[in-house]
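# Observations on the three-dimensional arrangement
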Amino acid sequence: MSARWNARDSAFVRAARARLGRGPNEPDTASERGAALVVVIGLGLLLLTLVATAMTFSVSGSLKATSDQNWNGAMAAAYAGVADYESRLANDNTYYHYGNSAAAFSAGSTLTPPSAPNPAFAVGAAGGWGSVAGSGGTASYRYEVDNSAYSASGVLRIRSTGRVGTVTRSIVANLRQDGFIDYLYFTIYEIQDPEQSGLTACSDTYAWAGRSVPCSDIAFGGGDVLNGPAHSNDTIRICDATFNGLVTTGSPGPTGSNYLKQNSNGGACSGQVFNGGEPTTSPVVAMPATNMQLKQETRTDAGVDAPGCLYTGPTSIVLNSDGTMTIRSPWTKKTRIVGDPATSGSTPAACGLPGMANGQLGSTAGATVPVLNANLIFVQSVPGIITDPNYTSSTVWPSGQSAATCSVGNGIGFPVTHETAPSPRSYDCRKGDAFVKGTLDGTMTIATDNFLYVTGDIIYSDASTDVLGLVAQNAIWVWNPYCDSTHGVICPGVGLGAGGAILPDNRRIDAAMLSLDHTIQVQNYDRGGAQGTLTINGSLAQKYRGIVRSGSNGYIKNYIYDPRFRYISPPKFLSPLSAHYSVNLLVEVSSAFTARGATVP
């Protein structure tokens, strides 16, 4: 080192002498040597400063790189926490019950610890963290669960905090179970319900899997318009119809060849319009076998926070625009129950009081009560078990009814005057049928163990907040009463020997509709002439394809998907058997925990 500095010293001295006008061979003086020394020391200090600055910059850059790496890693760990929770939900659909009620984010939720401890539920400095797989313990996460809105909207909220080193970051994600309401139109089999067609030889087999016998396949056509996603497990027949959303099918054929350009009679057709792309293949989706789990939501002994209301026998429900509903249900005795099968029950005022007095459920005017906001109604058939609190003997009828009246109607006004019932079983006086219409102000689901009739328009009072679910074990009927005068009945507006539809043209239904065992279909679709347009604003899912129009009779379809169903569900609405949860909203928020695990106030 000294040799290098001496060499530099000599060079600097010669340079200094040259600047002073002295020759290189002139003798040194003391003053000259002092001046040269000052120059050398100054330049040396400059070099040391440069070296120190370079080292400082290098170290600070390394620290910043580490900090950036931890910052990004903490966010990745937070995402890993959401993925871990999703995975646990996929393996156990009841996992939304689990969590840590002491977590700040979980205030208002009902949570219990899982039987298998989950360190990600921990809170506080002494609690653990879940480890990100493959990180060797350098990255970890915690999450807090908010299930307070799950029953009302089907949405779970989770706040996940990721940690790497001394850095933590938090995100909030909304998770919703994938379901039938992901589609505007969903069907298992593209055939008419065998119970309607009489083609009992039609087994539950898809056309693409070998259904060879004629099974009354139904085609889209005649100006039908679907404004939203559509899926069928079966092979779809499409003619001059317009699809403005994604179309998927269980048919394994290549795109463009996995649907049939055929009408309902099998004839070739054209005019198909796919503004969202031609149909693509997607896995089949399975329906639950029953909606009886919804009935359990009316029990007071099953851990349900806010039980719904149970009605027995034919039940009329008129939705009123002021946030109330008028219910008529003469066979009902208990509107909430205990046990499965039920052994006792209660009659809360929120469900309307049973009985025949004015203002009670059995009266002619029915009972008017507030809509069961964020809850459900279940309508059951009259039980045949004597120990059931809603049991009524087969030889006993509500006041004003008898064996004679029961043979011609259901006791609450159906069939209406001049109506020719489609079949003897259309309006059974002891079945769990619901008859629904009106303007909804609130969020609610109505479910039945038999039929559900939409007897008029169903419209949301506020399309941004109101939500309705309709779930029938059997068919959902778009009620379309018909007067047949060929048997001596005089129909309004027509002469003897003629007939016609009783209701005016055009219908609108704002709802998510689901028929588990049968179909969603227009009643008397093949009679009464053209009746305008059937507008469905929401979604429909069914086992068998329902007929809406036949020839010049019935309705033109105008189906519009409710985009809110991408994020929310009607209260306690059913989902497919193999449904899983997906994230539909994710935002970063302030960190919930410090790196030591303490809660950030």
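What comes next is a walk through the structure. Keep in mind the model is a prediction, meaning the values are calculated, not measured.

The subject of this paragraph is the overall build of the protein. From N to C terminus, the protein includes 6 helices and 32 strands. Here the protein, with 601 residues, has 48% of them falling under the buried criterion. Look at the contacts in the protein between residues 6 or more apart in sequence, and 65% of them connect residues 24 or more apart. Split by element, the accessible area of the protein, about 26100 Å² in all, is 56% carbon and sulfur.

Turning to the side chain of Asn537, a few remarks are in order. You can see Asn537 is positioned in strand 29 (residues 530-545). A distance of 3.4 Å separates polar atoms of two side chains, one belonging to Asn537 and the other to Asp510. Apart from the residues within four sequence positions on either side, Asn537 is in contact with Tyr460, Arg508, Ile509, Asp510, Ala511, Ile560 and Asp562.

This part covers the packing of aromatic side chains. Counted under the stated rule, the structure contains 26 aromatic pairs. For the pair Phe121 and Tyr143, a centre-to-centre distance of 5.4 Å together with 85 degrees between the ring planes defines the contact as edge-to-face. Placement of Phe121 in the loop between helix 2 (30-91) and strand 1 (130-131) and of Tyr143 in strand 2 (residues 139-146) is noted, with a sequence separation of 22 residues between them. Across the pair, exposure class does not vary: Phe121 and Tyr143 are buried alike. Each ring, one from Tyr259 and one from Phe274, has its centre 5.2 Å from the other, and the planes form 70 degrees; the classification is edge-to-face. Pair noted here: Tyr259 is in the loop between strand 11 (247-249) and strand 12 (273-274) and Phe274 is in strand 12, with a separation of 15 residues, a long-range link. Phe274 carries the same exposure label as Tyr259, and that label is buried. Connected via pairs of aromatic rings, a cluster forms that spans Phe414, Tyr427, Phe435, Phe451, Tyr453, Trp477 and Trp479. Taking the ring centre of Phe593 as reference, the NZ or CZ of Arg142 above it sits at 4.8 Å. Over the ring of Trp129 we find Arg163, and its NZ or CZ is 4.2 Å from the ring centre.

Looking now at the nonpolar core. Counting 84 residues, the largest nonpolar core has Met325, Ile377, Ile446 and Leu470 as the members making the most contacts within it. Contacts of Ile446, omitting those with residues within four sequence positions, involve Ile317, Ile377, Ala434, Val436, Leu452, Leu468, Gly469, Leu470 and Val471. Leu111, Tyr141, Tyr150 and Val164 belong to the second largest nonpolar core, which has 24 residues in total.

A complete count under the given rule lists 4 disulfides for this structure. What pairs with Cys239 in a disulfide is Cys269, and their sulfur atoms sit 2.0 Å apart. The S-S bond linking Cys239 to Cys269 shows a torsion near -85 degrees; that makes this disulfide left-handed. With Cys239 in the loop between strand 9 (237-238) and strand 10 (242-243) and Cys269 in the loop between strand 11 and strand 12, this residue pair connects regions lying 30 residues apart in the sequence. For the pair formed by Cys239 and Cys269, the shared burial category is buried.

What counts and how
Residues numbered from 1 in each chain as written. Predicted model: local features only at pLDDT ≥ 70, side-chain atom pairs only at ≥ 80, totals over all residues. Heavy atoms only, no water. Helix = DSSP H or I, 4+ residues; strand = E, 2+ residues; numbered from the N terminus. Buried < 20%, exposed > 50% of the residue type's maximum accessible area, 1.4 Å probe, protein only. Contact = heavy atoms within 4.5 Å. Areas by Shrake-Rupley, 256 points an atom, 1.4 Å probe, with all protein chains shown as cover. Polar contact = N/O pair within 3.5 Å; in protein donor to acceptor, adjacent residues only side chain to side chain. Phe/Tyr/Trp six-rings, centres within 6.5 Å; stacked < 30°, edge-to-face > 60°. Lys NZ or Arg CZ within 6 Å of the ring centre and 35° of its normal. Core = buried A, V, L, I, M, F, W, Y, C linked by side-chain atoms within 4.5 Å. Disulfide = S-S within 2.5 Å.

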